[in-house]
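Chain by chain, the residues:
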Amino acid sequence: MRLLIVFFTSILLYNLAYAKEDARFNIDKVDLKCASETACADIRKMFSSLARDYTDTEHFHSVLKLYVSNSGIKKFNYLVVKKNKEVTLKIVLEQKYRINDVLLPKFIGKYEIETPSVIPLRINEFLDNQNVLDSIKLYKEIAKDKGFPHATVARAFTYHGGTVDIRFNIDLGEPVKVVDIIVNSQSRYLKRLALRKLQYHLKKPFDVQQLKTEIEEMRLLNQQYGYYLIDFDLKYQTIGSSRVKLFLDVKNATRYAFYIARDSFLEQDVLKTFLAEELIASKREYTVDNLSFLLKEKYLGLGFTEAEFKITENLHTDKNQDKIKTFFIDIKLNKRGKVKRMLFKGNNYLSQERLHRLFYKNASEQAAVDVFDAKYYNDFIEIIREEYIRHGFVSVFIDKPGIRKNKNNEYTLTFKIREGIRAFVDSLKISGLSDEQVQNLKEKISNNVGKYFNPIAFKEDLTLIKNYLKQEGYYFGQIVNQNKKDLVRYEADNSIVNIFIEIESGPKVYADDIIIIGNQKTKKKLIKRELAFHTGSLLTSHSIESSQTNLLSLGLFSSVQIKPVTQNKDKTDVLIFVREKDFGSVELAPGVRSDIGFKISGEVNYNNIDGMNKRITLKSTINRRFDLSNFDSERRHSEKLLEYDMAVSYTEDYIFDWSWNFSTYLQQARRRLYSYDVDIRRVGFTFSRQFYSWLSFLTRYQLENFSQFNATEEINQGHFQIGSVTPSVNLDFRNRRVNPTSGTQFNFSVEFANPSFLSQANDELTINYYKAVSRNKFYIPLSEKMTFAISAAFGYQENKATTKDAAGNSAGYIPNLKVFRLSGADIVRGYLDKEINTLVTGQDISDVEVNSRAYMTNLKFEPRYYLSDSSILALFYDAGRVFVGNYESDQLRSSVGVSFKFITPVGTIDIDYGIKTLRKLDSSGKLESPGALHVQIGFF
């Protein structure tokens, strides 16, 4: 409050001093003094941006108020001084301390209690006295609930320049102890149970919360034994200042039991649970009449329209003086009611067939198979009404369904419809815009002259108009009569609709100064770089939304708010308020995969180095396979080698202020492959650029060293060094990156490896090849819940080395590790690795020296049905194979199967089972397996 008084007093002094000045002015210089110079370094830089032009004093005050209200300022005063035509803004302020750490509370004395892990104080937020007081109040309330009403809480601050560590010292004092517990109940059993449960609290601190928790546990426990209406009333009497006597009344101690005779359709446990839950929810005793009514309603909902119930009640008392009320329920269900005919009367516009389709499209599980469902029939009235309204019948009326039953318990449903007069749009007037803009809008909205009036779509039309205004730059434009009666006028018995939309567009709004608040470490330069607008550009909803998306995608901020500061002006400052995340993270993830076995992976990230989102990441994965059946037959009984993959990477966006992103990495790995094991060492760097939202380019240089061992073939034993350059281009027209439902994606890359890039070149081996891969994905929406997904991947690689060894044999070939192999995203589902990577000759591709050409094809066709927002069920057809020397399209292997996908924010978890369309004999003469299960993450 004092800060606001000082602030507005300063505004008054400023207005008195400059009342005669011209409205437009500028601040040439900002002179800022802080109570603590250490804490002032960051805020001085922020306030220096107040040196600028202002349209008037109101503009200046609005901008200054934003800086004051969001910068953790404790006290603030300012003065504008004009000297020798130079205007200086003098500011004196005291900044709040930023919380460096909230330490665990320290207990003074012999007692300690558990305290909450979350209090109103947060690390990296500014120290606020009210939050400190709220934290003290919270600790005292918890202490009181734990039996320490005389607790005192003191705060202790340790200052480090502009930051502070906070600790609360808690003296619990002497507790109030429980000296006696009295339980009142007609049931001896419940009395003994309660006393035994509460005996622990005798001579202990009066912990109210724990007592309430234990009483609730007793209530839930006893409900399981039939005391469905049991309740407890806890009272206490204080004796002096340090003792308390407890009284617990046990109420409604009647125990209920249900015995069900004959076929109940529902499982007996399910029906008993239903009756118990209804009794608990109603909180009143069952009688024969209300129990009979409840059962009739339940079974009517299941389609049993002629169910009969004979219920008798018995009440007796057991040896514990418990009242036991038993209901004997005899159920005679008869046949379920079936709907034989469904009639619609009075409908002219919507045909019988169309209404039938509408009925079954939205039908409940019962109604869909023509089992009687009264609830759905009443719900269907509203469905019919909305369908008519969508087509202009705004006065439609539907009677409650007529229900007629024959002697065979078969029903005829009759829906009587009074369509009324269909309303058409006679006139559509839009004021406040140019003729061209009005015409553009009329082409977009659905309710147009000569068309029937759809009130449901009209709401969407109004939203479309408001979005159009924002997108055209009229950021503060509005429909002024949106909630007035003259917006839509019905005339001539509701058959004619006149629409008048009054728009107040205001001026087109352009961005003036960009005010960034809340960034402590992130540089303004980085934030401005991600904006889709700049000073002087037209503000649109798209540019603001894109800017917000870009900033959040950096991963630096937990929240981003972007909004213009002033209204009804053609230029406005734009406020960008960000809240930074912690710039480091540690993750540990154990798991299991069908291909690599048990694994544990970890990741350590530190980002926003230098305030420019430069990032260092350390990743590590260790795994051990529990199944070696995918390996060469001679290696299946070998030692289960521990595999690992460790990599450290550095990434920087807009390196050297270019529009290119840069990353470099070091990697050390050990992997088990089909016919050999390999140690891998890699170093590389990548340049990439996003030219448009749909077009990106990447080029990577990579130097790799491979040491292959435990090989079954001599060719796969040894050391290789490969230096390569791989340019790639990506065209992405999908509607979204994760789980797309429409659009296409095309990716093409070529890897060039030769001695010029430091690939191996000696008498034993010269590495010189290129490898081209094209990956294409298509997503075709079939309906709201169905998408047809297609993936088509093709690859070609050719050896270009022509050197000979001393014996005259070729010394140039493509190292086996770089030869195409269908695995991971390229696997043909239903095949094991060893099966799909077998050549037409019967050899595994790893056993063949590729000194000419190799090919790869992988095709996937997958119709997907969305079960929910987070799950997909799909069928698939896959085909693919690898070839060496010649490509033979008629030799592709294929499979069919079913896939279940669980959607996560980073991709999908796929559980696929595929069945081969044609099984063949393997190299040992055995018939291949019929299919295979695959668990994959984030593919296709």
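Keep in mind that what you see is a predicted model, and the values were worked out from it rather than measured. (Residues numbered from 1 in each chain as written. Predicted model: local features only at pLDDT ≥ 70, side-chain atom pairs only at ≥ 80, totals over all residues. Heavy atoms only, no water.)

Novice: It is not clear to me how the overall build of the protein chain should be interpreted in this structure. Could you clarify?
Specialist: Along the backbone of the protein chain there are 15 helices and 42 strands. Counting only C-alpha atoms, the protein chain reaches 105 × 95 × 85 Å along its principal axes. When the 940 residues of the protein chain are sorted by exposure, 43% land in the buried category. Pairs at least 24 residues apart make up 60% of the contacts formed inside the protein chain by residues separated by at least 6 positions. Summing over all exposed atoms, the protein chain offers an accessible surface of approximately 49700 Å²; the carbon and sulfur share of this is 52%. Charge-centre separation for the protein chain: the mean point of 133 positive side chains lies 4 Å from the mean point of 115 negative side chains. (Helix = DSSP H or I, 4+ residues; strand = E, 2+ residues; numbered from the N terminus. Buried < 20%, exposed > 50% of the residue type's maximum accessible area, 1.4 Å probe, protein only. Contact = heavy atoms within 4.5 Å. Areas by Shrake-Rupley, 256 points an atom, 1.4 Å probe, with all protein chains shown as cover. Lys, Arg positive; Asp, Glu negative; His and termini not counted. Charge placed at Lys NZ, Arg CZ, Asp CG, Glu CD.)

Novice: What should I look at first to understand the pattern of salt bridges in this one?
Specialist: Should the charged atoms of two oppositely charged side chains come close, the side chains can pair. Summed over the entire model, instances satisfying the criterion amount to 48 salt bridges. With its nearest N and O atoms 3.0 Å apart, the salt bridge here joins Glu 835 to Lys 916. On the criterion of sequence distance, the pair formed by Glu 835 in helix H15 (residues 833-836) and Lys 916 in strand E41 (residues 907-916) is long-range, its members being 81 residues apart. Judged on exposure class, the residue Glu 835 and its partner Lys 916 are both buried. Look at the salt bridges and you will find they share partners, linking Arg 829, Lys 860, Glu 862, Arg 864, Asp 878, Lys 901, Asp 910 and Asp 912 into a network. (Salt bridge = Lys/Arg side-chain N within 4 Å of Asp/Glu carboxyl O.)

Novice: How should I be thinking about the nonpolar core in this particular structure?
Specialist: Burial of nonpolar side chains together is a common tendency in soluble globular proteins. By size, the foremost hydrophobic cluster in this structure holds 29 residues, and its most contacted members are Met 856 and Val 882. Those elements that provide at least two residues to this core are strand E32 (677-692), strand E34 (718-732), strand E36 (769-781) and strand E38 (853-868). Every residue in contact with Met 856, bar those within four places of it in the chain, is listed here: Val 773, Ala 793, Phe 794, Gly 795, Phe 820, Leu 822, Asp 826, Arg 881 and Val 882. Core analysis: the second largest hydrophobic core is formed by 28 residues, Ile 27, Tyr 54, Leu 64 and Val 80 among them. (Core = buried A, V, L, I, M, F, W, Y, C linked by side-chain atoms within 4.5 Å.)

Novice: Quick question: what am I supposed to make of the environment of Lys 466 here?
Specialist: Mapped onto the fold, Lys 466 is located in helix H12 (residues 455-471). For Lys 466, a relative accessible area of 30% puts it in the partly exposed group. Residues Lys 466 and Ser 505, 39 residues apart in the sequence, show an inter-C-alpha distance of 9.6 Å. Those residues in contact with Lys 466 that sit more than four places away from it in its chain are Ile 479 and Gln 482.

Novice: Which parts of the structure should I look at to understand empty space enclosed by the protein?
Specialist: Unfilled space is identified by rolling a water-sized probe across the atoms. Scanning the model with the defined rule gives three cavities of 30 Å³ or more in all. Roughly 50 Å³ of volume is contained in the largest cavity. What lines the largest cavity is simply Gly 824, Ala 825, Ile 827, Arg 829, Lys 860, Lys 901, Asp 910, Asp 912, Gln 936, Phe 939 and Phe 940. Classifying every residue of the lining of the largest cavity gives four nonpolar, two polar and five charged. (1 Å grid on protein atoms, 1.4 Å probe; cavity = no way out; pocket = protein on both sides within 12 Å on 5 of 7 lines; lining within 4 Å. Points joined across faces, edges and corners; volume = space filled by probe spheres on them. Nonpolar A, V, L, I, M, F, W, Y, C, P; charged D, E, K, R; others polar.)

Novice: Sorry if this is basic, but what is going on with the packing of aromatic side chains here?
Specialist: Both the distance between ring centres and the angle between the ring planes are used here to describe each pair of aromatic rings. Overall, the coordinates contain 51 aromatic pairs when judged by the stated rule. Considering the side-chain rings of Phe 157 and Tyr 159, the 6.1 Å spacing of their centres and the 75° angle between planes classify their relative orientation as edge-to-face. A centroid spacing of 5.3 Å and a plane angle of 50° characterise the contact between Tyr 796 and Tyr 855, whose relative ring orientation is tilted. One end of the pair, Tyr 796, is in strand E37 (residues 786-799); the other, Tyr 855, is in strand E38, and 59 residues separate them in sequence. These aromatic residues form a ring-pair network of at least three members: Phe 344, Phe 359, Tyr 360, Phe 372, Tyr 376, Tyr 377, Phe 380, Tyr 411 and Phe 415. The ring of Tyr 200 is capped by Lys 204, whose NZ or CZ atom sits 4.8 Å from the centre of that ring. One residue, Arg 864, lies across the ring of Phe 940, its end atom 4.7 Å from the ring centre. (Phe/Tyr/Trp six-rings, centres within 6.5 Å; stacked < 30°, edge-to-face > 60°. Lys NZ or Arg CZ within 6 Å of the ring centre and 35° of its normal.)

Novice: Honestly, the sheet that holds strand E5 (residues 86-95) in this entry has me stumped. Any pointers?
Specialist: Taken together, the three strands give an open sheet; going across it, the order is E2-E5-E4, and neighbouring strands pair in mixed fashion. Each end of this open sheet is capped by a strand with a single partner; those strands are strand E2 (29-34) and strand E4 (73-83). In this sheet, adjacent strand axes meet at a mean angle of 20° when their direction is disregarded. Across 10 bridges, E4 lies against E5 in antiparallel orientation. Pairing of Lys 83 across the sheet is with Glu 86, part of E5. Contacts between helix H3 (residues 57-69) and the sheet are confined to E4 and E5, with E4 contributing the most and set at about 145° to the helix. (Pairing = 2+ DSSP bridges. Axes fitted to C-alpha atoms, helices over the stretch in contact; angles between N-to-C directions.)

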